[in-house]
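Residues per chain, in single letters:
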Amino acid sequence: AMHPALRKLILLSDKAMIRRMFRGARSPRGAFLLIFTIGFFVMIFGPSLFVASLRNRPGVLPFAGMAEPYLPLLLLGVSLMYVFTSAGEKALYFSPPEVDFLFAAPFHRRELLLFKLSNTLVGVVFAALIFSMSFLMYLTSWLSAFVGIFLTLAFLQLLAMTTAFLGQIVAEHAYSGRRRLILLTLGVLVFAALAQPLWQTPVESPAELAHHFRSSWTGMVLLAPFEVFSHAILAVDFFPELVCWAAGALAIDIGLLALIFKLDSDFLESAAAISQKLYEKVQRFKQGGGIALPASQKAASIRLARFPWLGGAGPLAWRQLLMAIRTSKYALVISLSIGVVIAVMAFFAPRNPNGPDLVSIVGVSFMAYLTFIFSMQLPWAFRGDIVHMDCLKSLPVTPFAMAIGELTGGLVLLAAIQVVILIGLLGAGGNPALILTDMAFFVPFDLLLLAMSNTLFLIYPVRLSQGTSADFQMVGRKMLFILMQFLILIPALGIPAGFAALAYVLSGFNLSVFAVTAWVLLAAEVPLWLFLLASMFVRFDPGTETPP
């Protein structure tokens, strides 16, 4: 049983979470954000609920029949991801206040474990509600979807925690190199035995591969528990279908829970170390860097030559570029991986000499979308320096030079990534004229997006909540930023495109005139946004507008 003090803490935490969801609704800006967030969820769930109400009419077919053969495979893949990634560490995450006050209190570690599971249960219920309503148009019963998804998410959380405990126990016993080698050899032999039926069966398509895997003894053994969860999610009738399959899924979850308590691993020291590491990632995430991580020891050793003064913009640009290089490892890996995929697609795609180079056009369009997302996700410029705004405002640097210096680091790194991807397209046989033209356009486009994103951020500065607390309006904030930037981007790109199209017609349909006119007008908008960003920096008051 859980200690009464921990039960009281859970109750108070749930009340605080509800207050946090609606805490800003008393101000006009907070009320608008709350209304926008509710409208956003209505837009997500509305079509699903409407289509679900038309389920029995002709032409509306449920998706369950097509998904049933592949859903267990999907659940198996997600489970393997939980086992072989850091999801087990996240399952043991305690916030720093919990580590400081609960670990030192006279609570048994089983009580703390039950406290952690109880807190996780609230998030699982909320996630199951969101998923079940989002995919209702494809399923046959909302109750089946909610119950099945809830039990599946609970299974994944318990599996992650079980994996973490088993890993800790194995690490304690495999303390020597010989024992680690024996464990690795056994793991390789088990994997080879499981994968042998697939190697011996020739397949011609992913669907055929999935069919052979499901029909092999390896697949039947591995997919047996996931078949139970799949049938619970896709159940049509409440009794006996949903009741029976849900009871089986619940029995699996209870078995994992019993195994967790049976292991009785002394996880407190590991949980404290894991919590410290994840808390540092959360702090970086809260600064606006959703894809950024704190600099590792290798990254911290990277050095750059000092930039010239340039009115104060040089040292700021040097600092921003160094921070971008040190903290954007994941962004670089993702970008280069996308570049390789696009280059391979361009190399093997069929060519039409008389038609447009669709692969290059799609690749360039995706890069523009990637820039749009990166400008709001990476801790570049003022988004990452929100905690240092008082220091920045005290520097002997003009606001315009401040804006240029803050944006230059992210601009250089983003342009370098794009150049590498475009060179990959060029080497794969893309249209050289189109790719070189895109290289010229991406510099003002990147600078425009970075200035636009940071201007909106200074008008409404927000930081994301901690990973352990639910913030109902956080999704609304992100969607509002994306919507506002998209609405502003339409005239920012539409006006140069419109005048360039007029010049194109007047010049007798000369593509060079169109490209030069569009580039000049797009580049002319950059100083305007820089002056606007500088004015928002002057207006920003660190004493009242710095988000908590």
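All of these numbers come straight from a predicted model, not from anything done at the bench.

What counts as what
Within each chain, residue numbers correspond to sequence positions counted from 1 in written order. Selection of residues for local features in this predicted model requires a pLDDT of at least 70, selection of side-chain atom pairs for listing and counting requires 80 or more, and totals for whole chains, interfaces and linings are taken over all residues. With hydrogens and water excluded, all non-hydrogen atoms of the structure serve as input to the side-chain values. Strands here mean DSSP runs of E at least two residues long; helices mean DSSP runs of H or I at least four residues long; both are numbered from the N terminus. Relative accessibility thresholds used throughout: buried, under 20% of the residue-type maximum; exposed, over 50%; partly exposed, between the two (1.4 Å probe, protein chains only). In this description, contact between two residues means that some pair of their heavy atoms is separated by no more than 4.5 Å. Every accessible area reported is derived by Shrake-Rupley at a probe size of 1.4 Å, with residue values counting cover from the shown protein chains alone. Any two rings among Phe, Tyr and Trp, with Trp reduced to its six-membered ring, count as a pair given centres within 6.5 Å; such a pair is stacked if its planes are under 30 degrees apart, edge-to-face if over 60, and tilted if neither. Charge-over-ring placement is defined geometrically: NZ (Lys) or CZ (Arg) within 6 Å of the ring centre, and within 35 degrees of the ring normal. In plain words, nonpolar cores are sets of buried Ala, Val, Leu, Ile, Met, Phe, Trp, Tyr and Cys residues tied together by side-chain atoms within 4.5 Å. Residues adjacent in sequence count toward polar contacts only when both atoms are side-chain atoms; beyond that, a polar contact is any pair of N or O atoms within 3.5 Å, and within protein one must be able to donate a hydrogen and the other to accept it. Salt bridge, as used here: a side-chain nitrogen of Lys or Arg that lies within 4 Å of a carboxyl oxygen of Asp or Glu. One number per residue, pLDDT, summarises how confident the predictor is, and it ranges from 0 to 100. To estimate the expected span of a helix, subtract one from its residue number and multiply by 1.5 Å. Residues qualify for a patch when their relative accessible area is over 30% and they have no salt bridge, like charges being joined within 9 Å and the nonpolar side chains of Val, Leu, Ile, Met, Phe, Trp and Tyr within 5 Å. Two axes are fitted around each residue, one to the seven residues ending there and one to the seven starting there, and the angle between them is reported as the bend at that residue.

Counting its regular elements, the protein contains 23 helices and zero strands. A burial count over the protein gives 41% of its 548 residues as buried. Long-range contacts, defined here as pairs at least 24 residues apart, represent 78% of the contacts in the protein between residues at least 6 apart. For the protein, the computed accessible surface area is about 29000 Å², with 73% contributed by carbon and sulfur atoms.

Of note, the bond from Phe-239 into Pro-240 is cis; its omega dihedral lies within 30 degrees of zero at 5 degrees. By the element assignment, Pro-240 lies in helix 12 (residues 238–263). Of note in the backbone geometry, Leu-310 takes a positive phi value of approximately 50 degrees without being a glycine. The topology assignment puts Leu-310 in the loop between helix 14 (297–300) and helix 15 (313–327). Residue classification places Leu-310 among the exposed residues on the basis of a relative accessible area of 60%. In this model, Phe-509 sits at a positive phi of 65 degrees, which is unusual for a non-glycine residue. Tracing the backbone through its elements, the reader meets Phe-509 in the loop between helix 21 (472–506) and helix 22 (511–539).

Taken as a whole and assessed by the stated rule, the structure comprises twelve aromatic pairs. The interplanar angle of 70 degrees and the centroid separation of 6.1 Å between the aromatic rings of Phe-442 and Phe-445 together place this pair among those described as edge-to-face. With Phe-442 and Phe-445 both in helix 20 (residues 432–459) and three residues apart, the pair spans about one turn of that helix. Take Phe-442 and Phe-445: they sit in the same class, and that class is buried. Aromatic ring contacts, followed pair by pair, group Trp-142, Phe-146 and Phe-150 into a single cluster. For the cation-ring pair, Lys-116 lies above Phe-94, with the distance from its terminal atom to the ring centre recorded as 5.7 Å. Against the face of Trp-318 rests Arg-306, its NZ or CZ located 3.9 Å from the ring centre.

The next thing to look at is the nonpolar core. In terms of nonpolar packing, the biggest core is built from 57 residues, with Phe-382, Met-389, Leu-407 and Leu-458 touching the most fellow members. Residue assignment for this core shows that the elements contributing at least two residues are helix 2 (28–53), helix 15, helix 17 (358–377), helix 18 (389–393), helix 19 (399–427), helix 20, helix 21 and helix 22. Counting residues per element, this core draws most heavily on helix 20, which supplies twelve residues. Excluding anything up to four places from it in sequence, Leu-458 contacts Phe-382, Met-389, Leu-533, Met-536, Phe-537, Arg-539, Phe-540 and Glu-545. One finds Ala-128, Ala-160, Ala-246 and Ala-249 within the second-largest nonpolar core, a separate group that totals 37 residues.

Mapped onto the elements, Ser-79 comes out in helix 4 (residues 71–84). Of note is the side chain of Ser-79, whose polar atom sits 2.8 Å from the backbone oxygen of Leu-75. Sequence-distant contacts of Ser-79, defined by excluding residues within four places in its chain, comprise Phe-155, Leu-156, Leu-159 and Phe-226.

Next up on the list: the pattern of salt bridges. In the structure shown here, the tally under the stated rule is one salt bridge. We note a salt bridge from Arg-319 to Asp-385, for which the minimum N-O separation is 2.8 Å. In this pair, Arg-319 is assigned in helix 15 and Asp-385 in the loop between helix 17 and helix 18, connecting sequence segments 66 residues apart.

This paragraph deals with the confidence of the model for the protein. Per-residue confidence for the protein gives a mean pLDDT of 78; residues scoring 70 or more make up 73%. Within the model, pLDDT remains below 50 along residues 465–470, and this stretch shows eleven contacts once partners closer than five positions in the same chain are excluded.

Glancing now at the environment of Leu-263. In this fold, Leu-263 is placed in helix 12. For Leu-263, a relative accessible area of 22% translates into the label partly exposed. In contact with Leu-263, other than residues within four places in its own chain, are Phe-165, Leu-166 and Ile-169.

Moving on, we get to the environment of Ile-495. Structurally, Ile-495 can be placed in helix 21. Assessed through its relative accessible area of 45%, Ile-495 is described here as partly exposed. The sequence separation of Ile-495 and Leu-522 amounts to 27 residues, and the corresponding C-alpha distance is 8.6 Å.

This next bit is on helix 12. Taking 1.5 Å as the rise per residue, helix 12 with 26 residues should run 38 Å; its terminal C-alpha atoms sit 36 Å apart, in good agreement. By the burial criterion, the buried members of helix 12 are Leu-242, Ala-246, Ala-249, Asp-253, Leu-256 and Ile-260.

A contiguous nonpolar patch, built from Leu-129, Trp-142, Leu-143, Phe-238, Phe-239 and Val-243 and spanning about 570 Å² of accessible area, is present on the exposed surface. Among the elements of the structure, helix 8 (142–173) and helix 12 are those that each provide at least two residues to the nonpolar patch. Of the residues forming the nonpolar patch, the biggest block, three residues, is contributed by helix 12. With respect to the helices and strands, Leu-129 occurs in helix 7 (residues 109–134). Using a relative accessible area of 33% as the deciding quantity, one classes Leu-129 as partly exposed.

What follows is about the side chain of Asp-385. Residue Asp-385 is classed as buried on the basis of its relative accessible area of 0%. Within the structure, Asp-385 has its side chain in polar contact with the side chain of Arg-319 (distance 2.8 Å). Leave out the neighbours within four places in its chain, and Asp-385 touches Arg-319, Gln-320, Leu-392 and Glu-406.

Here we take up the environment of Ile-302. In this structure, Ile-302 sits in the loop between helix 14 and helix 15. Judged by its relative accessible area of 30%, Ile-302 is partly exposed. When the C-alpha positions of Ile-302 and Ile-325 are compared, they lie 8.3 Å apart, and in sequence the two are 23 residues distant. Each residue touching Ile-302, except ones within four places of it in the same chain, is listed here: Leu-322, Ile-325 and Arg-326.

For helix 2, spanning 26 residues, the distance from its first C-alpha to its last is 36 Å, which sits close to the expected 38 Å at 1.5 Å a residue. A maximum bend of about 30 degrees is found in helix 2 at Phe-45, where proline Pro-47 lies one to four positions downstream. What helix 2 keeps buried is the set Gly-30, Leu-33, Leu-34, Phe-36, Thr-37, Phe-40, Phe-41, Phe-45, Ser-48 and Ala-52.

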